[in-house]
Amino acid sequence: MKLNFILSVFLSFTATIIQAQRIDAENISFQILKEPVNPVEAQNRNYSVTVNSPYNITKEDAIKEAKAKHQQLVDNYDKSVEDAKLQHAEKLKDYDADVKKLNEKYRTESEQYNKMKTVEKIAMNAMPPVLRLPSRPQLNIPQKPIYSEPDLRNALIVDNKVLASQINIDGYSRGGNYIDISVNMERTNFQDNAGKSFASQPTKLVVKQGGVVKIDKNLFSDFEEIASSPTNEINLSAHEKNYLQKVIARINDILAENYGFSKIISTVKLESVKNKGEYDDLEKANIYVTTNLKKMQAKPDYAPNKTAFENLNKGVDIWKATLKKIDYNDKKAIFNGKIATYLYLNLIRLNLALGNKTEAEKYLNEMQEHLVDLKLSYDQNYELKALEQKLYN
């Protein structure tokens, strides 16, 4: 009887060991060339750019504009002097009125103080009133305008050809027309709001690929803050130049995302369960993913990458299939919350590392639906928040 009890305990202990899931982690370094959203055959990787804008400003135009602004200041100088005198006169009226009020207040308070007995003053800790008058306003006559040559480093010297030359797609040759890029933009609009400067520059971007429209976007139509000071206190030419470059940069980002190849060099942490038997498929999945990540090369049209991706996805498919077997209510189940946690984290990490944010977000959302059942550790919670921040920033 005692022997049977010992044997029963031993078998129970052995089963516990078998079901205990050991999760190991490995950092995998890899490099890939991320394919564009709109792939183009190598022989058709050429483009043309047409820009229509109100900009046609030369160095001579910038100097001419500076002289015109100077002349405007000269023409308005007498008026600005008169305005300064009128403002000074108004301030003097306000000043005289304030002085009169303060003197009357001082006289009244002095009379009240002098009527008080010494004992009352001590009891109330009363102090004799003090007459404090504001400084008398000074007349500030504006200085006569003095012309100085404009700083051409901040001048907006640009035309449609210059703007077109700043728009490009890496890895493509300029001059063909398979990718036809058309940009129509207005001049930068400025406005004041609550003492701050805002700007907008409505821009229409249309991209045709082989004659078919692939991109049709309206950009920068809404006003956004550009300075914490009003427009009359900032260098509008410099801000317009910066804003125009921001528009060009955004157009290049859109083109790069849709047509460019981006080199990804990264390291991703992947976990695996090491118990034999029930987890052999997961071990196979780990081998598929890790070995094929290491095979990839950041080269355009590199044939082995296709095979590596196909084999990598075999491992990912095993992860996905295993998630459907998870029993979130039974901690002792072969495929329990612990297995689900490492699989979800692997899928989020891997897709983020590969630049597949949509897929990463999908598995993040799925995992969050099961957070109550998963019982994450402190480190896992911390990592999940870091992955979420990486996904949305």
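Before reading on, note that the structure itself is shown above.
Quick caveat, the model's predicted, so the values are computed rather than measured. (Residues numbered from 1 in each chain as written. Predicted model: local features only at pLDDT ≥ 70, side-chain atom pairs only at ≥ 80, totals over all residues. Heavy atoms only, no water.)

J.: I tried to follow the pattern of salt bridges on my own but got confused; where do I start?
T.: Note that side chains of opposite charge can pair when their charged atoms are close. In total, this model carries 13 salt bridges according to the counting rule given. A salt bridge links Glu26 to Lys294; the shortest N-O distance between them is 3.6 Å. You can see Glu26 sitting in strand S1 (residues 23-34) and its partner Lys294 sitting in helix H7 (residues 280-295), a full 268 residues away along the chain. The partly exposed category is assigned to Glu26, whose relative accessible area is 34%. According to the relative accessible area criterion, Lys294 is partly exposed, its value standing at 48%. (Salt bridge = Lys/Arg side-chain N within 4 Å of Asp/Glu carboxyl O. Helix = DSSP H or I, 4+ residues; strand = E, 2+ residues; numbered from the N terminus. Buried < 20%, exposed > 50% of the residue type's maximum accessible area, 1.4 Å probe, protein only.)

J.: I keep staring at a nonpolar patch on the surface and nothing clicks. Help me out?
T.: Together, Leu102, Tyr106, Leu131 and Leu133 give the surface a local cluster of nonpolar side chains, amounting to about 290 Å² of exposed area. Its place among the elements puts Leu131 in the loop between helix H4 (118-123) and helix H5 (160-165). (Patch = residues over 30% accessible without salt bridge, like charges linked within 9 Å, V, L, I, M, F, W, Y side chains within 5 Å. Areas by Shrake-Rupley, 256 points an atom, 1.4 Å probe, with all protein chains shown as cover.)

J.: Looking at this model, I keep getting lost on the sheet that holds strand S2 (residues 46-52). Mind explaining?
T.: Neighbouring strands of a sheet are bound in pairs by backbone hydrogen bonds; such pairs are parallel or else antiparallel. The sheet built from five strands is open, its strands ordered S3-S2-S4-S7-S8 with mixed pairing. Each end of this open sheet is capped by a strand with a single partner; those strands are strand S3 (173-174) and strand S8 (212-219). Inspection of the sheet shows S2 paired to strand S4 (residues 179-185) by six bridges, in the parallel sense. Following the sheet pairing, Thr50 is matched in S4 by Ser182. Of the strands in this sheet, S4, strand S7 (203-209) and S8 are in contact with helix H6 (residues 236-259), which crosses S8 at around 150°. (Pairing = 2+ DSSP bridges. Contact = heavy atoms within 4.5 Å. Axes fitted to C-alpha atoms, helices over the stretch in contact; angles between N-to-C directions.)

J.: Would you mind showing me how to read the pairing of S7 here?
T.: Within a regular beta strand, the side chains point alternately toward one face of the sheet and then the other, so they alternate between its two faces. Here S7 shows a buried face lined by Thr203, Leu205, Val207 and Gln209 and an unburied face lined by Lys204, Val206 and Lys208. Note that S4 and S7 share seven bridges and pair antiparallel. Bridge assignment links Met185 to a residue of S7, and that residue is Thr203. The pairing of S7 with S8 spans seven bridges and is antiparallel. Bridge pairing links Lys208 to Val213 in S8. Here S7 hands over to S8 after two residues, with Gly210 in that stretch at a positive phi of 60°.

J.: Any chance you could explain helix H3 (residues 77-115) here in plain terms?
T.: Every α-helix carries 3.6 residues per turn, so stepping three or four residues along brings you back to the same face. Spanning 39 residues, H3 covers 57 Å between terminal C-alpha atoms, matching the ideal 57 Å at 1.5 Å per step. Residues of H3 that are buried include every one of Tyr77, Val81, Ala84, His88, Leu92, Tyr95, Val99, Ser110 and Tyr113, and no others. Next to the buried residues of H3 lie helix H2 (59-75) and H4. (Expected span 1.5 Å × (residues − 1).)

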